[in-house]
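# Fold and geometry: a report
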Amino acid sequence: LSIDGANKSDADETQIITTGPECMLVVRIRPGHHLARHFDRFFSAAEKFNGIVEQTSPEELVIHFDRGNPMYEAASTGLLIRQLTEILQGNMTFGGTIDIAQEDSHEQRKAASYLASIAQGSLLVAGGESLLAGRVTLQTFHHPMVDYEDLQRIVEIDHQQKLKQDAEAIAKQ
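Calculation rules
Residues numbered from 1 in each chain as written. Predicted model: local features only at pLDDT ≥ 70, side-chain atom pairs only at ≥ 80, totals over all residues. Heavy atoms only, no water. Axes fitted to C-alpha atoms, helices over the stretch in contact; angles between N-to-C directions. Helix = DSSP H or I, 4+ residues; strand = E, 2+ residues; numbered from the N terminus. Parallel < 35°, antiparallel > 145°, perpendicular 65-115°, else oblique. Left-handed = near helix turned anticlockwise from the far one by under 90°. Contact = heavy atoms within 4.5 Å. Nonpolar A, V, L, I, M, F, W, Y, C, P; charged D, E, K, R; others polar. Buried < 20%, exposed > 50% of the residue type's maximum accessible area, 1.4 Å probe, protein only. Arc of directions from axis to C-beta. Core = buried A, V, L, I, M, F, W, Y, C linked by side-chain atoms within 4.5 Å.

Moving on, we get to the packing of helix H3 (residues 39–48) against helix H4 (residues 70–87). Each pair of packed helices can be summarised by the angle the axes make with each other and by the distance between the axes. The contact between H3 and H4 brings their axes to 9 Å, and the two run at 155 degrees. In this view, H3 runs roughly antiparallel relative to H4, as classed from their interaxial angle. Our pair here, H3 against H4, has a crossing hand that is right-handed. Contact with H3, carried on its side by Arg 41, Phe 42, Ala 45, Ala 46 and Lys 48, involves Thr 77, Leu 80, Ile 81, Leu 84 and Thr 85 of H4 and no other residues of that element. Taken together, the residues of the contact of H3 with H4 sort by class into six nonpolar, two polar and two charged.

Burial in H3 covers these residues: Arg 41, Phe 42, Ala 45 and Ala 46. The buried residues of H3 occupy one face: seen down the axis, they fall within an arc of 140 degrees. In this structure, the buried side of H3 is in contact with strand S1 (23–30), helix H2 (32–37), strand S2 (52–57), strand S3 (60–65), H4 and helix H6 (160–171).

Judged by nonpolar contacts, the single largest core of 34 residues is most densely connected at Phe 42 and Ile 154. Of all elements in the fold, only S1, H3, S3, H4, strand S4 (93–100), strand S5 (123–125), strand S7 (152–157) and H6 reach the threshold of two or more residues within this core. A per-element tally of this core places H4 first, with eight residues. Beyond its immediate stretch of four places on either side in the chain, Phe 42 contacts Ile 29, His 34, Leu 35, Leu 61, Ile 81, Leu 84, Thr 85, Leu 88 and Met 92.

Worth remembering: the numbers are spatial, not functional.
Put into structure tokens, the structure is as follows:
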């Protein structure tokens with residue numbers, strides 16, 4: 001006997017609906033020894049929003065998102081990590097860039113890495129801003145070394161207070 005569709009296949013139960021294209025978040029933590037020291041905390045922040053973490057250098061993480069609402073989860077993760085850098089002890093700087101992942105992403109990843117390195121405490125959105133509409137406050141980002149006319153930075157997200165609480169909990173781990 002089955003009640004309320006209890007005989008569904010396991011594949012049906014584990015299916016995750018994605019509401020946007022795959023995207024990546026590049027995070028720079030400087031100096032690099034802070035990334036090593038707090039890696040577990042940054043990993044926890046990414047894991048909270050279904051991010052797949054790849055450490056590409058002593059001061060850089062590339063976090064991939066392909067489930068749920070990838071762009072929003074990348075934004076949430078980036079802001080959570082920025083919040084952590086503000087709470088954790090030590091003089092560390094944060095820079096981050098979110099972009100929609102493309103098939104041949106090597107050049108795109110290099111560009112996102114460069115933007116993260118000059119982000120000056122900001123979380124930048126290099127592409128896919130429309131996927132965040134109504135959920136984040138964006139502001140134009142200007143830098144003398146960047147020729148991006150449409151480059152935006154995330155000022156705030158709709159669950160900013162919850163991210164602060166999450167950052168405090170993760171910082172205590």
